Amino acid sequence: QVQLVESGGGLVQPGGSLRLSCAASGNIYSIYTMGWYRQAPGKQRELVAGISSGGSTNYADSVKGRFTNSRDNAKNTVYLQMNSLQPEDTAGYYCNADLTSIATMAFNHYWGQGTQVTVSS
């Protein structure tokens, strides 16, 4: 079994910062891309940031310059540092990993359970 467990969400005032973490565990053979998506009420889930196993990153235009995606391959963990948060960043944030599990040796997408980020004064 493979699990992705997020942490670090919460309530923050506009202009504040939060750091999300997502740790992958279980029978993992190899992890490729890891990233973060978010979904606000009534809206579709959207890509926030992604990072390859080599460290190449991509970001949604709305978060460029404010969010930083990083990973620790030794810990199978991805991080999202979010600065200058605004009310429109309020959403459930979901970790995603593209990986191959030892059990199946098949490439699959895995999702975390999500963590809520609320930006409000």
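Up top is the structure.
Remember, predicted model here, so these are calculated numbers, not experimental data.

Caption draft 1: Local environment of the state of the cysteines. Counted according to the given criterion, the structure contains one disulfide. Here Cys22 is linked by a disulfide to Cys95, with a sulfur-sulfur distance of 2.0 Å. A torsion of -80° about the S-S bond marks the disulfide between Cys22 and Cys95 as left-handed. Within this pair, whereas Cys22 is found in strand β3 (residues 18–26), its partner Cys95 is found in strand β9 (residues 91–101), the two being separated by 73 residues in sequence. Cys95 carries the same exposure label as Cys22, and that label is buried.

Caption draft 2: Quick peek at the nonpolar core. In terms of nonpolar packing, the biggest core is built from 28 residues, with Trp36, Val48, Phe67, Leu80, Met82 and Tyr93 touching the most fellow members. Element by element, the count of residues in this core is highest for β9, at five residues. Apart from the residues within four sequence positions on either side, Phe67 is in contact with Arg38, Val48, Tyr59, Leu80, Gln81, Met82, Asn83, Leu85, Asp89 and Tyr93.

Caption draft 3: The arrangement of a nonpolar patch on the surface in detail. On the surface, Tyr29, Tyr32, Ile102, Met105 and Phe107 cluster together into a nonpolar patch covering about 540 Å² of accessible area. Inspection of the secondary structure puts Tyr32 in strand β4 (residues 28–39).

Caption draft 4: Structural context of the sheet that holds strand β7 (residues 67–72). The four strands are arranged β1-β3-β8-β7 in an open sheet whose pairing can be described as antiparallel. What marks the edges here is a single partner per strand, and that holds for β1 (2–7) and β7. Put simply, the sheet's adjacent strands are angled 15° from each other on average, direction ignored. The pairing of β1 with β3 spans six bridges and is antiparallel. Directly across from Val5, in β3, lies its bridge partner Ala23.

Scoring rules and cut-offs
- Residues numbered from 1 in each chain as written.
- Predicted model: local features only at pLDDT ≥ 70, side-chain atom pairs only at ≥ 80, totals over all residues.
- Heavy atoms only, no water.
- Disulfide = S-S within 2.5 Å.
- Helix = DSSP H or I, 4+ residues; strand = E, 2+ residues; numbered from the N terminus.
- Buried < 20%, exposed > 50% of the residue type's maximum accessible area, 1.4 Å probe, protein only.
- Core = buried A, V, L, I, M, F, W, Y, C linked by side-chain atoms within 4.5 Å.
- Contact = heavy atoms within 4.5 Å.
- Patch = residues over 30% accessible without salt bridge, like charges linked within 9 Å, V, L, I, M, F, W, Y side chains within 5 Å.
- Areas by Shrake-Rupley, 256 points an atom, 1.4 Å probe, with all protein chains shown as cover.
- Salt bridge = Lys/Arg side-chain N within 4 Å of Asp/Glu carboxyl O.
- Pairing = 2+ DSSP bridges.
- Axes fitted to C-alpha atoms, helices over the stretch in contact; angles between N-to-C directions.

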